[in-house]
Amino acid sequence: MRVDAVTLFPAMIDSPLSESIVGRAREEGFLELGFLNPRDFTEDRHRTVDDKPYGGGTGMVMMAEPVYRALKKVRKKNSFVILLTPKGRRFDQPLALELAKKKHLIFICGHYEGIDERVTPLADMELSIGDYVLTGGEPAAVAVIDAVTRLIPGVLKKEDATVNETFTGGLLEAPHYTRPGVWRGEKVPEALLSGNHKLIAEWRSTQARELTGKARPDLPAGGQAKKPARGKKKI
Ligand code: 6GU
């Protein structure tokens, strides 16, 4: 997959996405990540990318023209253009699965108080990563590109690694344990030590449903958990 980011601060995206699994995916060619800085598409001596808001108010607004020119340079017929803004549709796992099928994603990262509204129609989608305000779209781009990259076939070595995971089927994942079997007095649940694959699968399924019901009743499968017996409050 090809991904381009239109950003005044490319290092905010390039650096975190150079580590770990996504870093390796880039080295191995599963992900080609490019950057366009609107500042490189200005023509004035000061390379101006922002200006005061019409109607007054605090902060600065990113100008439309440098963003438009950057976009024009990379946009192809098969490009899907995403404007990152807290006003956008909330990002989630089903959308990550949809975006992972695209050939070319372009992210436009707003900064300062926002981008000139006339840029909005250039995008195919406005996207937010949650109900809080970031200093700019870059950390959101990192989150979205990370979530999408790990879904590209071949990026994760265990092919089933994305099948049983959190949010697939609207469930949180069952808890994980590794050695030692007893850590500071706390034991690993018996079922996981049984070697009985059917029992382990059942334990994980029950845990996943109970956990989702308690922690995230808003998820699709959040209402399915069997209520724990009265008086036996679990911690
Ligand atoms: Cl995409 N941008 C900004 N600036 N803040 C956000 C966001 C995006 N998503 C959540 N908060």
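Described below are features of the structure shown in this document.

Cut-offs used in this document
- Residues numbered from 1 in each chain as written.
- Predicted model: local features only at pLDDT ≥ 70, side-chain atom pairs only at ≥ 80, totals over all residues.
- Heavy atoms only, no water.
- Helix = DSSP H or I, 4+ residues; strand = E, 2+ residues; numbered from the N terminus.
- Rg over C-alpha atoms; globule rule 2.2 N^0.38 Å.
- Buried < 20%, exposed > 50% of the residue type's maximum accessible area, 1.4 Å probe, protein only.
- Contact = heavy atoms within 4.5 Å.
- Areas by Shrake-Rupley, 256 points an atom, 1.4 Å probe, with all protein chains shown as cover.
- Lys, Arg positive; Asp, Glu negative; His and termini not counted.
- Charge placed at Lys NZ, Arg CZ, Asp CG, Glu CD.
- Near = heavy atom within 4 Å.
- Polar contact = N/O pair within 3.5 Å; in protein donor to acceptor, adjacent residues only side chain to side chain.
- Nonpolar A, V, L, I, M, F, W, Y, C, P; charged D, E, K, R; others polar.
- Pairing = 2+ DSSP bridges.
- Axes fitted to C-alpha atoms, helices over the stretch in contact; angles between N-to-C directions.
- Salt bridge = Lys/Arg side-chain N within 4 Å of Asp/Glu carboxyl O.

**Thoughts on the overall build of the chain**
(1) Moving on: From N to C terminus, the chain includes seven helices and nine strands.
(2) Moving on: On C-alpha atoms alone, the chain measures out to a radius of gyration of 22 Å, which is more than a quarter above the 18 Å that the 2.2 N^0.38 rule sets for 235 residues.
(3) Moving on: Overall, the C-alpha framework of the chain stretches about 70 × 40 × 35 Å when taken along its three principal axes.
(4) Moving on: A buried classification covers 40% of the 235 residues belonging to the chain.
(5) Moving on: A sequence separation of at least 24 residues applies to 72% of the contacts in the chain between residues at least 6 apart.
(6) Moving on: Of the roughly 14900 Å² of accessible surface on the chain, 53% is carried by carbon and sulfur atoms.
(7) Moving on: Positive and negative side-chain charges in the chain, numbering 37 and 31 respectively, have mean positions lying 6 Å apart.

**Section: helix α3 (residues 64-74)**
(1) Moving on: Of the positions making up α3, those classed as buried are A64, P66, V67, A70, L71 and V74.
(2) Moving on: Buried residues belonging to α3 abut β1 (2-6), β2 (32-36), β4 (61-62), β5 (79-90) and β6 (104-109).

**Details of the site of the ligand**
(1) Moving on: In the neighbourhood of the ligand, the contacting residues comprise L84, T85, P86, L127, S128, I129, G130, Y132, L134, G136 and A140.
(2) Moving on: I129 has a polar backbone atom sitting 3.0 Å from a nitrogen atom of the ligand.
(3) Moving on: In the complex, the protein chains occlude 95% of the 290 Å² of accessible area that the ligand would expose alone.
(4) Moving on: Listing elements by their share of the shell around the ligand, those giving two or more residues are β5 and β7 (125-128).
(5) Moving on: For the shell around the ligand, the element with the most residues is β5, which contributes three residues.
(6) Moving on: Residue composition of the shell around the ligand, grouped by class: seven nonpolar, four polar and no charged.

**Some points on the sheet that holds β2**
(1) Moving on: With parallel pairing, five strands are arranged side by side in an open sheet as β2-β1-β6-β5-β7. Two strands bound the open sheet, and with one partner strand each, they are β2 and β7. Adjacent strand axes in the sheet meet at a mean angle of 30° when their direction is disregarded.
(2) Moving on: Pairing of β5 with β7 involves five bridges; the strand directions are parallel.

**Re the pattern of salt bridges**
It is possible for side chains bearing opposite charge to pair when their charged atoms get close.
(1) Moving on: Per the counting criterion, the structure on display carries 15 salt bridges.
(2) Moving on: Across the pair K157 and E28 runs a salt bridge, and its minimum N-O distance is 3.6 Å. Linking K157 in the loop between α5 (138-149) and β8 (182-183) with E28 in the loop between α2 (20-27) and β2, this pair joins segments that are 129 residues apart in sequence.
(3) Moving on: Take E28: its relative accessible area is 43%, and that puts it in the partly exposed class.
(4) Moving on: Between R69 and E43 there is a salt bridge, with the nearest N and O atoms lying 3.6 Å from each other. Here R69, found in helix α3, pairs with E43, found in the loop between β2 and β3 (50-51); they are 26 residues apart in sequence, far enough to count as distant.

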